[in-house]
Each structure stands twice: as structure tokens, then as C-alpha cells.
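Single-letter residue listing:
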Amino acid sequence: MTPQQPGSRSGSQPGNRPGERPRTELDARYSSALNPRPGAEGVTATDWAEAQRRMRAAEVFWITTVRPDGRLHVTPLIAAWHDGALHFSTGPGEQKAKNLAGNAHCVLTTGHASLSEGLDIVVEGLAERVTDPARQDEVIAAFEEQYGDHITSPDGTFHGFGDSIRTGDDLLFTVAPGTAYGFGRDGQTFSHTRYTFS
């Protein structure tokens, strides 16, 4: 993984600027546009703003990282969409942290486990540590807004989340999308949207 300068983050790399609108295109090979069903002829790409809204509303994400021997490692976690990137934390001894130390490539996914409704989001990018205290506080606030009592309440599952990052007991990462995908379902209407960040 590329060493990170204090205050830097992957979201500031060229092509991953906060608020940047990616090139959005409907992939007809995997959408109802290829095999139209009644009422599905007008299927369109899912707007990036809607994909971001879904990520801000999601509670469970899955992360895929690469082990040193090339095998994949997949695990659920919480993540917050903030300032043009997804953020997550992990303990330094956890498998995903060990994997990212050798290979920063990862994929984060979230969605709805139904064949007839929902929007699944896939974000591919490079995970980079967030070490700047001011930036950490900003991201912690985003987690608190997204997860509410799960983090802020003394009885919350993730109570103490912010303190564990501030003390270094947990590592905070940011993943700005290099490429993202949206897989939508609405009855018999299916869409596959590709978001490309130049």
C-alpha cells in the first residue's frame, strides 16, 4: 500500500474528487434493455446521486480483500459514505487489515437481498489509511449520523467506535471509487449501471 501523507486521502486523488459526477452508462447486456419485458422498454441508468443516497442509508456492507496467497477474503462490516468515498474501520490484527497492508485493492458492496426490488451497489477502489485526527473526527461524525444509536448510545452495538479510532486500537480506511456498479431491480425490470471515474 502506498504510504499516506498526513491529511491526505484517496478521495483527493485525480478522478476521485468529492462531488465528482462519474460517467454513467447503462450496460444493456445485463439490463432489461437487452431483453425487454412489458413495461421495461424504457429502463435507464441509475443516477449516481441515487446510488450515493442508497449507500448513506445502508447499514451492512461486505468487503472483499486479497490474501497474500491470492485467495479472497470476504466479511461484513459497517461503512459510511462521506465526501466522495466509503469509509470503514478494522482492528490491526484482523485478516482484512493484514490483507490491505500488502494489497490495497478492495471491493465494498451493499444492497437488498431480493430478486424483485432494490439496488445493489459495488464500489471498487484502493483502501488508504486515514491518520489525520481532524479528518478522523469528520469521518467519525459521518458514521454517527449514518448509524445513530448503534454508535452514539451506551447500549449501541458499536459504542466506543470513535474512541477506538482516535486511540489507534482500530484503523480507519477510506476507499474512493475507481469504478462502481449499480444493479437495480423493480419487478421484472432490471438495470446494470456502470459508474466510471476518470
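The text that follows walks through the structure, step by step, so that each part is easy to find. (Residues numbered from 1 in each chain as written. Predicted model: local features only at pLDDT ≥ 70, side-chain atom pairs only at ≥ 80, totals over all residues. Heavy atoms only, no water.)

## Side note on the pairing of strand β9 (residues 189-196)
1) Next: The pairing of strand β1 (residues 23-26) with β9 spans 4 bridges and is antiparallel. In the sheet register, Thr-24 faces β9, and the bridge partner there is Tyr-195.
2) Next: Looking at chain direction, strand β8 (residues 171-186) and β9 are connected through 8 bridges and run antiparallel. If you follow Tyr-181 over to β9, its bridge partner there is Arg-194.
3) Next: Here β8 folds back onto β9, and the loop between the two strands holds 2 residues, one of which, Gly-187, carries a positive phi near 65 degrees. (Pairing = 2+ DSSP bridges. Helix = DSSP H or I, 4+ residues; strand = E, 2+ residues; numbered from the N terminus.)

## Observations regarding helix α1 (residues 48-57)
1) Next: Those residues of α1 that fall on the buried side of the exposure criterion are Trp-48, Ala-51, Gln-52 and Met-55. The buried residues of α1 occupy one face: seen down the axis, they fall within an arc of 100 degrees.
2) Next: For α1, the side-chain oxygen to backbone nitrogen distance between the N-cap and Ala-49 is 3.0 Å, and the N-cap itself is Asp-47. (Buried < 20%, exposed > 50% of the residue type's maximum accessible area, 1.4 Å probe, protein only. Arc of directions from axis to C-beta. Polar contact = N/O pair within 3.5 Å; in protein donor to acceptor, adjacent residues only side chain to side chain.)

## Looking at the packing of aromatic side chains
1) Next: Taken as a whole, this structure holds 7 aromatic pairs when the rule is applied.
2) Next: Between Trp-48 and Tyr-195 the ring centres are 4.8 Å apart and the planes differ by 55 degrees, which places this aromatic pair in the tilted class. Here Tyr-195 lies in strand β9 and Trp-48 lies in helix α1, a separation of 147 residues in the sequence.
3) Next: Take Tyr-195: its relative accessible area is 0%, and that puts it in the buried class.
4) Next: Ring geometry for Trp-48 against Phe-197: centres 5.3 Å apart, planes inclined by 75 degrees, an arrangement best described as edge-to-face. Taken together, the residues span a long stretch of sequence, with Trp-48 in helix α1 and Phe-197 in the segment after β9 at a distance of 149 residues. Like Trp-48, the residue Phe-197 is buried in the burial classification.
5) Next: An aromatic cluster is present here, built from Trp-48, Trp-81, Tyr-195 and Phe-197 joined pairwise through their rings. (Phe/Tyr/Trp six-rings, centres within 6.5 Å; stacked < 30°, edge-to-face > 60°.)

## A few points about the pattern of salt bridges
1) Next: Within this structure, the stated rule accounts for 11 salt bridges.
2) Next: For Asp-69, the salt bridge identified is with Arg-71, shortest N-O distance 2.8 Å.
3) Next: Between Asp-163 and Arg-166 there is a salt bridge; the shortest N-O distance is 3.4 Å. Pair noted here: Asp-163 and Arg-166 are both in helix α5 (residues 161-166), with a separation of 3 residues, about one helical turn.
4) Next: The exposure class assigned to Arg-166 is partly exposed, which follows from its relative accessible area of 44%.
5) Next: Each of Glu-50, Arg-53 and Arg-54 takes part in salt bridges that share partners, so that together they form one network. (Salt bridge = Lys/Arg side-chain N within 4 Å of Asp/Glu carboxyl O.)

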